[in-house]
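Examining the three-dimensional arrangement
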Amino acid sequence: MGFRRRCQIVAGVSIRRAMEEARKALERAGVREPRVVPTKSLAFGIVTSTSAFEEAKERGIDAMAYAEEVAARARQHTGPLLAEVRAAQPGYVNFYPDWRRFSEDVVRGVLEDVRSFLYEGLGGGEVVVEHTSVNPNKALHVGHARNVCIGDTVYRLMSKAGRRVTVLNYVDDSGAQMAELLLGFTELGFDLNPPPGMRFDEYCGDSVYVEVNRRAKVDPEIEAKRRRVAKELEERGSDAFKLSREIALRVLRDQLSTCYRLGASYDLLVRESDVVVSGLWDEAFSRLKESGAVYLADRGSKAGCWVADLSGHPVLSKEGDEVLVKSDGSTTYVARDIGFALWKLGESRTSLRFSLWDVRDGRPTYISSEEGVSLRPNSPSLVITVVDSRQRRPQEVVRYALSRIGVSADRYLHYSYEPVLLSKRSAEMLGAKAERSAVQMSGREGIYFKVEQVLDKLVEVAARETSSRRPEWPSERVREVAEAIAVGAFRYGMLKVDSDKQIVFDIEESLRLEGDTGPYLQYSVVRARKILLKAEEAGVEPSPAPSEDLTPHEMQLVREVSVAPLALEDTVKALRIRTLVTQARTLATVFNEFYESCPVIGGGPNAGFRLSLVAAYARVQEELLETLGVPVLDEL
RNA sequence: GGGCCCGUGGCCUAGCCAGGAUAAGGCGGCGGCCUCCUAAGCCGCAGAUCCCCGGUUCGAAUCCGGGCGGGCCCGCCA
């Protein structure tokens, strides 16, 4: 467990307190730089140290004998949470807790204030996170969903940790893809309104866009027309421009309804067509020129272009300099991103204007526009851009350019993740010929699973399960619960795989609701909540203090709850969502094991303690699930 | 050619960054557990050259070097 190593930074309760006790005891026992970590098995106590071993080695003395010595001395110096210190081969010093005191400390800590139990010391500062950023010409597919789930989880995480977070969605409404979509309406005669019952974003992506690309393959004139439309789009007052803005807004509205369904939320929607005319690039450009970071190429393949000088970069220099302004005077994507990065960092004098888009649950969302209030992040300590790993190079170019104009680039973070592929089986269901075990999705070819489509299927499966278990429930209730299960299963599936690993999406597999899935975690909370309810009816009095010695399952659950803050610390500091997922999953497993063997109602002398422990579990797990965006339910 | 990422039982995934005590979980397979707080759960069995070769170390899935295999990036596209 990686996060076991780095713990003593934040003082706090439960495991950290025990670790601190152990550390001090070792120090007083003569260990110079004691390092202490949670054990991975309770057989070795609650915390352990290899410091005595390492020190003995340095001094060339017998390690085990020294560990015994240290353990004997440390035993005199432990605080209230630790009861016993023992040496173990080949030189560990293990600390065993006073389980009754330790458990009480943990349970009280959680029940008093779960937020500070989990997030103490992790707050402060302002964060900007950009995610989603899907071209407004199609409905979201499962690949986009990974971005949304990661980005939204980062937002939730940072907010809970006490940071002020601004969420951005960059809407690229002025690129080639927009021109292609537009062609479908202006040249191929597609109606501006979809057939009845079809969403506009799906209509654009599934019908219009795919058809334009199909036609382009057989009709060479399409390409010429596309170029003409693209050109016309650059003129802000043109009919093409106005139409594209309208279409983009309609698609965006539908896309966002999918994002909302997934639990995401946004503060600012930034349209590229507004960024282009904002003057952000001009400002960045002149600063780049001043600092000598760009030059006008006068020969070679890039003659006539303004190019970023990458010769000073250890890696990028090997791949040639980057074109920022094309020979026709228009900017490249990377150039616009440099300007935008400057704005996100609060380092630009230029602002963007915004007007109200909508208000959801009291939270307003603004969209960039020609008029409205000027907004700009206020020098955030961190700007996170969630975008897949294929953008690593351009993102690095942006960072480098920022550093060249004196903007510290360590505040600018690319949250990279590997893309979502389709399994062979699933790709073939969509009519793709799959030679390999996984294939890339393709908007042009129509090879993708849409988020809505997957969620709807999940709802269907979950509803079937739910109504068979709860035949007495009205269909409305079933539907509501099924929706929460679907979202939980989907988000968990997107988040449980580490970001530097590809996800191979298989539709059959994704409809599973058993095993290592979102519902597994949701179910464990449902069980806990039901116990709380029934125990109260049965008159069980909660008690954070155990009234007799703990059973192994109780210890295991206490231990897992106590360690959750360490997982949170790693998740926040290293932005490793995977750590959080693993912690939530382990916690649920340990709780389920406890559940099987430790009845609360009729649980004997320790019933009151068990009740409080269950409450503590529920509080912690609810927080973790909320952070992951997995809906928490009372029943299912 | 250069750069980045991945490689753990039949399949998928943790653990690797901060090296330690029996390599963890899921799917699939086999066998058990609902008069008892919801069995979307739990228990047991079978199944692993942690891609390979070297090195560092008392100790390597984990660190270093070199290979091999797979993916991605290196556009006057975004």
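Quick caveat: nothing in here was measured; it's all calculated off a predicted structure.

Tallied over the entire structure, the rule returns 0 disulfides. The cysteine cysteine 149 is free of any disulfide, with cysteine 259 supplying the nearest cysteine sulfur at 9.3 Å. Cysteine 149 gets classed as buried once you look at its relative accessible area, which sits at 0%.

Bridge count for strand 14 (residues 382–386) against strand 15 (residues 412–415) is 4 bridges, and the pairing is parallel. Looking at strand 15, one finds that isoleucine 384 is bridged to leucine 413.

Listed as buried for helix 12 (residues 280–290) are Leu280, Trp281, Glu283, Ala284, Phe285, Arg287 and Leu288. Taken from the residues just after helix 12, glycine 292 is the one with a positive phi, measuring 75°.

Direction vectors running N to C along helix 20 (residues 552–574) and helix 22 (residues 607–628) enclose 30°, while the axes themselves pass 11 Å from each other. By the angle between their directions, the pair helix 20 and helix 22 is classed as roughly parallel. Crossing geometry of helix 20 relative to helix 22 is assigned as left-handed. Contacts between helix 20 and helix 22 involve Glu554, Leu557, Val558, Val561, Ala564 and Leu568 on the former and, on the latter, Phe609, Arg610, Leu613, Tyr617, Val620 and Leu624. Tallied by class, residues from the contact of helix 20 with helix 22 come to 10 nonpolar, no polar and 2 charged.

In this section: the layout of surface pockets. What the second largest pocket holds in volume is close to 690 Å³. In this structure, the second largest pocket is lined by 26 residues; those nearest its centre are Arg469, Arg470, Tyr523, Val526 and Leu636. Of all elements in the fold, only helix 16 (451–469) and helix 19 (518–537) reach the threshold of two or more residues within the lining of the second largest pocket. Residue contributions to the lining of the second largest pocket peak at 8 residues, all from helix 19. When grouped by side-chain class, the residues that make up the lining of the second largest pocket number 14 nonpolar, 3 polar and 9 charged. Each of domain 2 (425–510) and domain 3 (514–628) accounts for three or more of the residues forming the lining of the second largest pocket.

This next bit is on the environment of proline 544. Structurally, the position occupied by proline 544 is in the loop between helix 19 and helix 20. Separated by 97 residues in the primary sequence, proline 544 and isoleucine 447 place their C-alpha atoms 55 Å from one another. With sequence-adjacent residues up to four places away left out, proline 544 is seen in contact with Ser103, Glu104, Val107, Arg108, Phe609 and Ser612.

Glancing now at the pattern of salt bridges. If charged atoms from side chains of opposite charge come close, those side chains can pair. Following the criterion strictly, the structure yields 65 salt bridges and no others. Its salt-bridge partner being arginine 215, residue glutamate 211 comes within 3.8 Å of it at the nearest N-O pair. Residue glutamate 211 and its partner arginine 215 are located together in helix 8 (residues 200–218), separated by 4 residues, close to a single helical turn. Judged by its relative accessible area of 19%, glutamate 211 falls in the buried class. Taking the relative accessible area as the measure of exposure, arginine 215 reaches 30% and is therefore partly exposed. Here the residues in one salt-bridge network are Arg199, Asp201, Arg261, Glu452, Asp456 and Glu483, joined through shared partners.

Once that is clear, we can look at the packing of aromatic side chains. Within the structure shown, the criterion is met by 14 aromatic pairs. On the basis of an interplanar angle of 85° and a centroid distance of 5.2 Å, the ring pair of phenylalanine 285 and tryptophan 306 is categorised as edge-to-face. On the criterion of sequence distance, the pair formed by phenylalanine 285 in helix 12 and tryptophan 306 in strand 9 (residues 306–308) is long-range, its members being 21 residues apart. When its relative accessible area of 12% is taken as the criterion, phenylalanine 285 is described as buried. The class of tryptophan 306 is partly exposed, set by a relative accessible area of 23%. The interplanar angle of 50° and the centroid separation of 5.9 Å between the aromatic rings of phenylalanine 449 and phenylalanine 505 together place this pair among those described as tilted. Of this pair, phenylalanine 449 sits in the loop between strand 17 (438–440) and helix 16 while phenylalanine 505 sits in strand 18 (residues 503–505), placing them 56 residues apart in sequence. One aromatic cluster is present, built from ring pairs that chain together Tyr170, Phe340, Trp343 and Phe354. Taking NZ or CZ as reference, arginine 250 lies 3.9 Å from the ring centre of phenylalanine 200, over its face. It is arginine 477 that lies over the ring of tryptophan 473; its NZ or CZ is 3.9 Å from the centre.

The next subject is empty space enclosed by the protein. Here the structure, examined in full by the defined rule, presents 1 cavity of 30 Å³ or more. In this structure, the largest cavity spans a volume of roughly 40 Å³. The element contributing the most residues to the lining of the largest cavity is helix 14 (residues 392–404), with 3 residues.

Another point: the environment of valine 212. You can see valine 212 is positioned in helix 8. Here valine 212 falls in the buried class, since its relative accessible area comes to 2%. In sequence terms valine 212 and isoleucine 222 are 10 residues apart; their C-alpha atoms lie 8.1 Å from each other. The residues touching valine 212, leaving out its near neighbours within four places in the chain, are Glu180, Leu183, Gly184, Leu188 and Ile222.

So, about the sheet that holds strand 4 (residues 92–97). Strand order in this open sheet of 4 strands is 1-2-4-3, and the pairing throughout is antiparallel. The sheet terminates laterally at strand 1 (37–38) and strand 3 (82–88), the two strands that pair on one side only. Alignment of strand 2 (residues 47–49) against strand 4, held across 3 bridges, turns out to be antiparallel. From the neighbouring strand, serine 49 faces strand 4, where its bridge partner is valine 93. Packed onto the sheet, helix 3 (residues 63–74) meets strand 3 and strand 4 and runs at close to 170° relative to strand 3.

Cut-offs applied
Residues numbered from 1 in each chain as written. Chains lettered and ligands numbered in written order. Predicted model: local features only at pLDDT ≥ 70, side-chain atom pairs only at ≥ 80, totals over all residues. Heavy atoms only, no water. Disulfide = S-S within 2.5 Å. Buried < 20%, exposed > 50% of the residue type's maximum accessible area, 1.4 Å probe, protein only. Pairing = 2+ DSSP bridges. Helix = DSSP H or I, 4+ residues; strand = E, 2+ residues; numbered from the N terminus. Axes fitted to C-alpha atoms, helices over the stretch in contact; angles between N-to-C directions. Parallel < 35°, antiparallel > 145°, perpendicular 65-115°, else oblique. Left-handed = near helix turned anticlockwise from the far one by under 90°. Contact = heavy atoms within 4.5 Å. Nonpolar A, V, L, I, M, F, W, Y, C, P; charged D, E, K, R; others polar. 1 Å grid on protein atoms, 1.4 Å probe; cavity = no way out; pocket = protein on both sides within 12 Å on 5 of 7 lines; lining within 4 Å. Points joined across faces, edges and corners; volume = space filled by probe spheres on them. Domains from an automatic or database assignment. Salt bridge = Lys/Arg side-chain N within 4 Å of Asp/Glu carboxyl O. Phe/Tyr/Trp six-rings, centres within 6.5 Å; stacked < 30°, edge-to-face > 60°. Lys NZ or Arg CZ within 6 Å of the ring centre and 35° of its normal.

Function cannot be inferred from these measures alone, as they are strictly geometric.
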